[in-house]
Amino acid sequence: MRRVFLAIIVVLVVGLFGCIRVPSGTVDGPVRISRLDTGVLRVGLTGSINTLDPVYAVTAAERFVVQNLYSGLVSIGAEGYPVPELAESWKVSQDGQVYTFVLREGLTFHDGTPLTAKDVERSLTRALQKDTGAPDALKYLGDIVGSRESLQGRVQSVSGIKVLDARTISITLYGPRVHFLSKLAQPVAYIVPETVDPERPVGSGPFSFIAWEKSGRVGFAAFPGYVPGPPEIERLEVYYDEDQIELATRYIERFFQVIDVTPSLVPWVRDREDLTGQLLEVAGPTVFYIGLNSAAYKPFADPLVRRAMALALDRDTLVKEVWKGTRIPAGGYIPPGLGGSDENDAIRFDPEEARRLLDSAGYIPEEMPEMVICIPDAPVGQLLGEYYARSFSENLGISVRVELLEWSAFLSQLYDRQMHAFSLGWEGDYHDPHAFIAMPFHSKSPFNEMRYVNAEVDKLIERAEREGDLAVRQALYRQAETLVLSDMPWIPVYHGALYYLVVPELRGLGVTSAGLTSQAQATYSLGEPAD
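Here's what I pulled together on the structure shown here.

About the cut-offs
- Residues numbered from 1 in each chain as written.
- Predicted model: local features only at pLDDT ≥ 70, side-chain atom pairs only at ≥ 80, totals over all residues.
- Heavy atoms only, no water.
- Helix = DSSP H or I, 4+ residues; strand = E, 2+ residues; numbered from the N terminus.
- Buried < 20%, exposed > 50% of the residue type's maximum accessible area, 1.4 Å probe, protein only.
- Pairing = 2+ DSSP bridges.
- Contact = heavy atoms within 4.5 Å.
- Axes fitted to C-alpha atoms, helices over the stretch in contact; angles between N-to-C directions.
- Phe/Tyr/Trp six-rings, centres within 6.5 Å; stacked < 30°, edge-to-face > 60°.
- Expected span 1.5 Å × (residues − 1).
- Salt bridge = Lys/Arg side-chain N within 4 Å of Asp/Glu carboxyl O.

**A few points about unusual backbone geometry**
Stage number 1. Of note in this structure, Arg-254 is not a glycine but carries a positive phi near 70°.
Stage number 2. Checked against the element boundaries, Arg-254 lands in the loop between helix H7 (244–252) and strand E11 (258–261).
Stage number 3. Here Arg-254 falls in the buried class, since its relative accessible area comes to 14%.
Stage number 4. The phi dihedral of Arg-451 falls on the positive side, at around 55°, and the residue is not glycine.
Stage number 5. The topology assignment puts Arg-451 in the loop between helix H14 (434–441) and helix H15 (455–466).
Stage number 6. With a relative accessible area of 58%, Arg-451 lands in the exposed category.

**Examining the sheet that holds strand E16 (residues 400–405)**
Stage number 1. With mixed pairing, the 6 strands of this open sheet are ordered in space as E14-E18-E13-E17-E15-E16. For this open sheet the edge positions go to strand E14 (328–329) and E16, each flanked by a neighbour on one side alone.
Stage number 2. Of the strands in this sheet, strand E13 (286–292), strand E15 (371–376) and strand E18 (490–495) touch helix H9 (residues 303–311), which is tilted by about 20° from E18.
Stage number 3. Sitting on the sheet, helix H12 (residues 379–396) is in contact with E13, E15, E16, strand E17 (421–427) and E18, with an inclination near 165° to E16.

**Observations regarding the packing of aromatic side chains**
Any aromatic ring pair is given by two values, namely how distant the centres are and how the planes are angled relative to each other.
Stage number 1. In the structure shown here, the tally under the stated rule is 17 aromatic pairs.
Stage number 2. Taken together, a centroid distance of 6.0 Å and an interplanar angle of 80° make the contact between Tyr-333 and Trp-490 edge-to-face. Taken as a pair, Tyr-333 in the loop between E14 and helix H11 (351–360) and Trp-490 in strand E18 lie far apart in primary sequence, 157 residues in all. Pair check on accessibility: Tyr-333 and Trp-490 agree, each one buried.

**Considering the sheet that holds strand E7 (residues 168–172)**
Stage number 1. As summarised here, the arrangement of the 4 strands in space is E4-E5-E7-E6, forming an open sheet in which the pairing is antiparallel. At either margin of the open sheet sits one strand with a lone partner, and together these are strand E4 (87–92) and strand E6 (161–165). Taken over all neighbouring pairs, the strand axes of this sheet differ in orientation by 20° on average, direction set aside.
Stage number 2. Pairing analysis gives 4 bridges linking E6 to E7, with the strands arranged antiparallel. If you follow Asp-165 over to E7, its bridge partner there is Thr-168.

**Description of H12**
Stage number 1. Helix length check: H12 (18 residues) gives 26 Å between terminal C-alpha atoms against 26 Å at 1.5 Å per residue, within 8%.
Stage number 2. Within the sequence span of H12, burial applies to Val-380, Gly-381, Leu-384, Gly-385, Tyr-387, Tyr-388, Ala-389, Ser-391, Phe-392, Asn-395 and Leu-396.
Stage number 3. Positioned one or two residues after H12, Gly-397 has a phi angle of 80°, which is positive.

**Overview of the pattern of salt bridges**
Stage number 1. Summed over all chains, the structure comprises 23 salt bridges.
Stage number 2. The closest approach of N and O atoms between Glu-505 and Arg-254, which form a salt bridge, is 3.4 Å. Residue Glu-505 is found in the loop between strand E19 (497–502) and strand E20 (506–507), and its partner Arg-254 is found in the loop between H7 and E11; the two are separated by 251 residues along the sequence.
Stage number 3. Two residues, Arg-478 and Glu-481, come together in a salt bridge whose shortest N-O distance is 2.7 Å. Of this pair, Arg-478 and Glu-481 are both found in helix H16 (residues 470–487), 3 residues apart, which corresponds to roughly one turn of the helix.

**Focus on the pairing of E19**
Stage number 1. Most of E19 is tucked away, with 5 of its 6 residues classed as buried.
Stage number 2. As paired elements, E11 and E19 share 4 bridges and run antiparallel to each other. Within E19, the position partnered with Val-261 by the bridge is Tyr-499.
Stage number 3. Across 5 bridges, the pairing between strand E12 (residues 279–283) and E19 is antiparallel. Bridge assignment links Val-282 to a residue of E19, and that residue is Leu-498.

See the structure below:
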């Protein structure tokens, strides 16, 4: 689903283009590292935690906490795709619409209460009830038959969810959706007991609840009854703070074994010799792009012109100059690591070929009408706009004007299709190429803001939605991506990235393109004192 990135951009740019505050005192001097307590994993996260109920978890910190406290039928594995968790197996009907899950034997909640298929039915139904008000219910569970009637308050049960016996449950979808398993791994689909206590939550995940200090700490103990396998560490402590510098200070003092790092702090981290090799970069599930509107700017009706625009943009230099190396240049729409192969390289910086394409389209740059590119009004927006205008003017000879718009005015013009071109970002809500190809580019998708239509792309997407073989599905989406790139309704510019500082002794860190996940397999060795 398309996401609004303006708020994120404003926060990150303060550090990138203002003065970066750096920790003082012991941080800049030598730090003596004591032996690590291998029984406790301490994680520091930027942000807030306002709930431990998985149906309401929306911030990165909240999602991380509930992923360790609760469990679902499936979870996201190390490769970023669904693996069994509470379910030991599942089968899919021939038409791809009915999923039948068999639960593992001996499942219990943290308090010892048996966990059965009835708990699964009740949890999913709760998430889909109108009175619950789960913000992500429709997004992730809206494929289930009866979900929409339940979310509208018309029914109290969900017809597509049926308990077959104590260990077996079936879920019927409106249509074949292979990526449904990735959606089912999201917190809104986690299994909760009959009574949900927000102050003393009980789950069935790898860690059980100990305490929640509203000032900034949540504590957990390893749950030995976690059926996929008990955690290697004894306790998990999650600290959350809006002050990134405080987290960085305590990491360097070795209080934390893991912290997230905002992009504004990445250049400072990279300059510190004592942090060499400890910065982990993960490609995020995002693509930032320039939309080209042929309805408002006539030259964009020709795909040769749209491709010329794409080839006139030097993404590597943009990432270095504007984002100080904290973004990943994009050669396609699907982020790295998501499509089963290297990123599509159909887009490259080639100004000579760009001018040739423009000439082939019959356009003389000096005679083309002025192009206006609209960008949300934020500090980085000005910098991006200047870079885009300079690139298109110098490399193609086109007259370009940048217009910074307040967010509501930007959205109004976007929905009215008044803009010549615009700069936005797209975030995949689940780890699957479907989120980056089908949602924005299928002709019948409600998120197809460009009104892009390509019958062959539709066919490839529809085949991929029914294909159970992961490698085949990924290849189908890559074929569809190549076709869309040939038409170029969007110019992919760069992907987002997530950053973490991780102590060298830590092994088995749970992290995917969506961020930190379950730490059931995390372990680390004793650290040696510094000289």
